[in-house]
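Chain by chain, the residues run as shown.
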Amino acid sequence: MHTRGYDLEIGSPTARRRRTCNRWLADYPVERTILAVTIVSVSVLAIMGLLSPREPSFVDAATVEEFALAHQTYGNLKNLVIVAGHAVYIGTDFTKADDMDSWFLEDYQRIPGQVESFIEHISQGVEAAAKDPSALLLFSGGETRHLAGPLSEGASYWFVANGLNWFGHPNVRQRSLTEAHARDSFENLIFSICRFYELTGHFPENITVVGYEFKRERFVDYHRAAIAFPAERLKYIGTAAPNPTTASTGEMKTLSAFQRDPFGCQASSLPRFQWALPPHSWRV
Ligand SMILES: *[C@@H]1O[C@H](CO)[C@@H](O)[C@H](O)[C@H]1NC(C)=O
């Protein structure tokens, strides 16, 4: 009796708990189903997470080799193709380049055709470099949107080109790099020439600039003249702007600023000065 009593004392609470639990499950079939489905789904998701391949990095063993070889041959490149940047990419999927929300846009840039025009510049630059095996392609533009963080326009364009598979010219990738400091068009030109020198050890023989048609005069007649680069060795590929009227009005002001101040060192109306905002900006 004593032993049985002891057994009951110890055994019954556990048995009662188990019975209570079983009865609960039996009495609440819906909850039971939800519990079972939850456990199964969580397990399946956990297993899928473990089994699914990681998002592929764009740098694999083959790329490392490609870049290593390319670096040794930059010295042979003769010509420079510059794509002037206009915005910073903030998307994570570089194949969604035509999505307005993939870019950090100023209000005036939130118009139809704007991001398509950036992609057109990238593709024209890649095409120009594809046609000239002795060209180095530079995507030029600094960290101009301080609110978007430390992201350069140059790197943004490079990654978009990469995300879009170099528009069918994958061989251009190894001759493509960035100039990540320019804050305006004059700097796009002069900094890209410096970057070309840094990479190749000499100055470019010919330069092709890709940008909006309305900026042709600025590059060809102002910036080129300011640095005394021979006219016959600079080619400009101009594309249509999405807002031609506003663009040409603004362009008149910019041209007159550069006319007074060819290197853009004093003209406070230039974007260069408006972008130089503390704390994580820099000055040249
Ligand atoms: C540079 O351009 C000139 C004039 O178009 C051309 O004659 C020359 O072959 C070009 N140089 C290179 C390295 O492409």
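Quantities reported herein were computed from a predicted structural model and do not represent experimental measurements. (Residues numbered from 1 in each chain as written. Predicted model: local features only at pLDDT ≥ 70, side-chain atom pairs only at ≥ 80, totals over all residues.)

Time to look at the overall build of the chain. Each helix and strand counted, the chain has nine helices and seven strands in total. Here the contacts in the chain between residues at least 6 apart in sequence split such that 72% fall between residues at least 24 apart. (Helix = DSSP H or I, 4+ residues; strand = E, 2+ residues; numbered from the N terminus. Contact = placed C-beta atoms within 7 Å.)

Turning our eyes to something else, we now look at the packing of helix α4 (residues 114-131) against helix α5 (residues 153-163). Running from amino to carboxyl end, α4 crosses α5 at an angle of 75°, the nearest separation of the two axes being 10 Å. Between α4 and α5, the crossing angle belongs to the class labelled roughly perpendicular. Residues I119, I122 and V126 of α4 form the contact with α5, whose own contacting residues are Y157, V160 and A161. (Axes fitted to C-alpha atoms, helices over the stretch in contact; angles between N-to-C directions. Parallel < 35°, antiparallel > 145°, perpendicular 65-115°, else oblique.)

What follows covers the pairing of strand β7 (residues 234-239). Pairing analysis gives six bridges linking strand β6 (residues 207-212) to β7, with the strands arranged parallel. Within β7, the position partnered with V210 by the bridge is I237. Once the chain exits β6 it traverses helix α7 (residues 216-226) before rejoining the sheet at β7, and the crossover so formed is right-handed. (Pairing = 2+ DSSP bridges. Right-handed = clockwise from strand over helix to strand, strands pointing away.)

All right, on to α4 then. Over its 18 residues, α4 runs 26 Å from end to end, which matches the ideal 26 Å to within 8%, given 1.5 Å per residue. Turning to α4, its buried residues number three or more, namely V115, F118, H121, I122, S123, G125, V126, A128 and A129. (Expected span 1.5 Å × (residues − 1). Buried ≥ 20, exposed ≤ 12 C-beta atoms within 10 Å, placed from the backbone.)

The environment of the ligand is formed by K78, N79, S134, E205, N206, E232 and R233. Residue composition of the shell around the ligand, grouped by class: no nonpolar, three polar and four charged. (Near = placed C-beta within 6 Å. Nonpolar A, V, L, I, M, F, W, Y, C, P; charged D, E, K, R; others polar.)

Here we take up the environment of I111. Considering the arrangement of structural elements, one finds I111 in the loop between β3 (103-104) and α4. Considering only alpha carbons, one finds I111 and M100, 11 residues apart in sequence, at a separation of 8.9 Å.

The next subject is the packing of α7 against helix α8 (residues 244-260). Relative orientation and spacing of two packed helices are given, respectively, by the angle between their axes and the distance between those axes. Two elements in contact, α7 and α8, have axes whose closest approach is 11 Å; the angle formed by their N-to-C orientations is 10°. Overall, the two elements α7 and α8 adopt an arrangement that is roughly parallel. Taking contact as the criterion, the partners of E217, R218 and Y222 in α7 are, on α8, E251, T254, L255 and F258. The residue inventory of the contact of α7 with α8, partitioned by class, reads three nonpolar, one polar and three charged.

Of all hydrophobic cores here, the largest spans 42 residues; its most connected members are L80, I82, A135, L137, L138 and V209. For this core, the elements supplying multiple residues, two or more each, are β1 (79-84), β2 (88-89), α4, β4 (135-140), α5, α6 (185-200), β6 and α7. For this core, the element with the most residues is α4, which contributes six residues. Residues contacting L80, with those up to four places away along its chain left out, are A135, L136, L138, S192, I193, F196, P204 and I207. (Core = buried A, V, L, I, M, F, W, Y, C linked by C-beta atoms within 7 Å.)

Counting buried positions over the six residues of β4 gives six, a clear majority of the element. Burial along β4 is two-sided: the face carrying A135, L137 and F139 and the face carrying L136, L138 and S140 are both buried. As paired elements, β1 and β4 share six bridges and run parallel to each other. The partner of L80 across the bridge, within β4, is L136. With four bridges connecting them, β4 and strand β5 (residues 176-179) associate as parallel partners. Residue pairing for β5: S140 is matched across the bridge by E179.

The next thing to look at is the confidence of the model for the chain. The share of residues in the chain with pLDDT of 70 or more is 82%, and the mean pLDDT across the chain is 85. Note on residues 1-11: pLDDT is under 50 here. Beyond four places in sequence and across chains, it has zero contacts. (pLDDT = per-residue confidence, 0-100.)

With that settled, the discussion passes to the environment of I207. Among the structural elements, I207 can be located in strand β6. When the 23 C-beta atoms within 10 Å are taken as the criterion, I207 is described as buried. Here the alpha-carbon distance between I207 and K78, two residues 129 residues apart in the chain, equals 9.3 Å. The residues contacting I207, other than those within four sequence positions of it, are L80, I82, F229, R233 and L234.

In this section: unusual backbone geometry. Notably, W166 is not glycine yet its phi reads approximately 55°, a positive angle. Looking at where W166 falls in the secondary structure, it is placed in the loop between α5 and β5. Owing to 20 C-beta atoms within 10 Å, W166 belongs among the buried residues under this scheme. Its identity as a non-glycine residue notwithstanding, F167 has a phi of 50°, on the positive side. When you line up the elements, F167 lands in the loop between α5 and β5. Take F167: there are 16 C-beta atoms within 10 Å of it, and that puts it in the partly exposed class.

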